[in-house]
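Chain residues, written in single-letter form:
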Amino acid sequence: MFRRAAAGGPGHAHGRSVPRRRLRLLSLGTTFAVAFAAVTATVTVLVGILSYNAAARLVRVDQLSVFHEVVQDVRAEVRENRMAPVDFSSAAPGHDLVRPARTDVQVLGPDGSVYDPGDPGLPVVDADRRIAGAATAGQVVEHADVDVGDDVYRVATVALGGGRGAVQIAQEFSNTEDLLRALQRRTLILMAAVVVGAGLFGWWLARRITRRLVVLTNAAEDVARTRRLGIQVPVAGYDEVGRLGRAFDRMLGRLAQSEEDQRRLVQDAGHELRTPLTSLRTNISLLRRIDELPPGTREELVADLTQEARELTDLVNELVDLAAGQSDTEPPQRVDLAEIAEDVAGLARRRTGREIVVSACGDTTTDGRPGMLTRALSNLVENAVKFDRDSRAPVEIRVAGPARPGTVRVEVRDRGPGIADDDLTRVFDRFYRAADARSLPGSGLGLSIVREVALAHGGAPYAFRRDGGGTVTGFTVGGAAAGAGTDSPAEG
């Protein structure tokens, strides 16, 4: 994954260079800041518009309500009392009762002429003149949006009745609209300030949030560029970004360990393959003079070639199994190790003719990969049979569980020559073979596969000398190694 990224190099996508400015514009911090500002702007605009409309509606309704109250008061007064134009004159006592703030009153005579002009004077139209000559008191005609000079008024003309004239009541609405326009401008300025502030805050917050993500990105780019997996990721915190940083750090550690394991496996395999290959080349060179060799030597040469080819094949198979075990994709399932032991024992009996005894106690079921566990147990049995050729005692397979909660123990017991104390700590190492075992066939990988399988199942291998002679080799599944001996691997 990292190697592919490194091949293209930073700033490349599908073979084309991506402009750095475009990358910066499309960064997570920029996107977050723009999104934050956009959401804030949308909410602010909606709230501002709704608030302004609500305030403007309340002000206009309040002004109109005041105007209608004044008109209704005048209508009630002229209906109850026989009133003449002089009663509403500006010189008449109590005239201020019908002239509240921003309200203008103008009195018309019986013929519709202006008896007492308002301040400012109001226009008089035919409808107003007809109302002035009306016989019924309280009749009203209203005019909306009347221009008087530079101002706008709403005008209502109320008949005094009996053809005595009328009273014109006007209320100025232009000041109210000026106030609402000022409120609108202030609302727009406030919304702009909030949007700008939200953008700046979003940019600051995005940088604070994405700062550690930038560290992770730089680390990933460094790995892709240098192919060095041993890079420390300096990310702290306990939130999602902190967890991502620690997971990324652990992932790099696992990849580095896997790379080291592969390198070591290739080096060890190359070292072990040189010996049989060298022997094969030597024997093949003798084939050119096979006609000169005596018959007995020819048979030995062919037998050596056959044996070396078999050992080389076994070594390659062991290497393939070991590599496959490190990346095994077999799904875990519930398995019974006692049943696996019976299957392995049956196969070993048919192959070797030896007596294999299986004993089990306790709950021997666990979660694991049956193929890997079968191979590990088969390697233990094959190892025991190989080193216990001359014994008449049966090879024993014991399955016991649980030694501790969730732990199952599998071991193979033989009556062979046993393992030297110096070899007990190394028998599960790859390609290691004890001094007294180097003359026997084998690759030195069988027990290392047992170790890999045990570790993959949460357990560990173990080996120790058996009382009365022989060896006990085994492994645990689902917990740490239990029992006597060493936690290090078994016989080679």
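In this text, all values refer to a predicted model and were calculated from it rather than measured experimentally.

Thresholds, definitions, all that
- Residues numbered from 1 in each chain as written.
- Predicted model: local features only at pLDDT ≥ 70, side-chain atom pairs only at ≥ 80, totals over all residues.
- Heavy atoms only, no water.
- Helix = DSSP H or I, 4+ residues; strand = E, 2+ residues; numbered from the N terminus.
- Buried < 20%, exposed > 50% of the residue type's maximum accessible area, 1.4 Å probe, protein only.
- Contact = heavy atoms within 4.5 Å.
- Phe/Tyr/Trp six-rings, centres within 6.5 Å; stacked < 30°, edge-to-face > 60°.
- Pairing = 2+ DSSP bridges.
- UniProt positions renumbered as here; feature names shortened; annotations may be inferred.
- Axes fitted to C-alpha atoms, helices over the stretch in contact; angles between N-to-C directions.
- Left-handed = near helix turned anticlockwise from the far one by under 90°.
- Nonpolar A, V, L, I, M, F, W, Y, C, P; charged D, E, K, R; others polar.
- Salt bridge = Lys/Arg side-chain N within 4 Å of Asp/Glu carboxyl O.

## Examining the overall build of the chain
Assigned secondary structure in the chain consists of 10 helices and 14 strands. Taken across its 492 residues, the chain has 39% of its residues classed as buried. Here the contacts in the chain between residues at least 6 apart in sequence split such that 64% fall between residues at least 24 apart.

## Describing the packing of aromatic side chains
Enumeration according to the criterion identifies two aromatic pairs in this entry. With 5.8 Å between their ring centres and 35 degrees between their planes, Phe201 and Trp204 make a pair best called tilted. Of this pair, Phe201 and Trp204 both sit in helix α5 (residues 174–226), three residues apart, which is roughly one turn of the helix. Taking the relative accessible area as the measure of exposure, Trp204 reaches 46% and is therefore partly exposed.

## Structural notes on the pairing of strand β11 (residues 395–401)
Among the seven residues of β11, five are classified as buried, and the element is accordingly described as predominantly covered. Across seven bridges, strand β9 (residues 356–362) lies against β11 in parallel orientation. Counted as the bridge partner of Cys361 is Ala400 from β11. Pairing between β11 and strand β12 (residues 408–414): five bridges, direction antiparallel. Looking across to β12, one finds that Ile397 is bridged to Val412.

## Overview of the UniProt feature "transmembrane region" (unreviewed entry) in the chain
UniProt marks residues 25–50 and 188–206 with the feature "transmembrane region" (unreviewed entry), using the numbering shown here. Taken end to end, residues 188–206 is 100% helix and 0% strand, and its first and last C-alpha atoms sit 26 Å apart.

## Observations regarding the packing of helix α9 (residues 370–387) against helix α10 (residues 446–456)
Between α9 and α10, whose axes approach to 9 Å, the crossing angle comes to 145 degrees. The hand of the α9/α10 crossing is left-handed. Side by side, α9 and α10 meet where Met372, Leu373, Arg375, Ala376, Asn379, Leu380 and Asn383 of the first sit next to Gly446, Leu447, Ile449, Val450, Val453 and Ala456 of the second. Looking at the contact of α9 with α10 residue by residue, the class counts come to nine nonpolar, three polar and one charged.

## A word on the pattern of salt bridges
Taken as a whole, this structure holds seven salt bridges when the rule is applied. A salt bridge links Arg398 to Glu396; the shortest N-O distance between them is 3.2 Å. Judged by relative accessible area, which is 35%, Arg398 ranks as partly exposed. Note that Arg413 is salt-bridged to Glu411, the shortest N-O span being 2.9 Å. Looking at Arg413, the relative accessible area reads 16%, which means it is buried.

## A closer look at the sheet that holds β11
Sheet architecture is open: five strands sit in the order β9-β11-β12-β14-β13, paired in mixed fashion. The sheet terminates laterally at β9 and β13 (461–465), the two strands that pair on one side only. Between one strand and the next, the sheet's axes are offset by a mean angle of 15 degrees, whatever the strand orientation. As paired elements, β12 and strand β14 (residues 471–477) share seven bridges and run antiparallel to each other. Bridge pairing links Val410 to Phe475 in β14. Of the strands in this sheet, β9, β11, β12 and β14 are in contact with α9, which crosses β14 at around 175 degrees.

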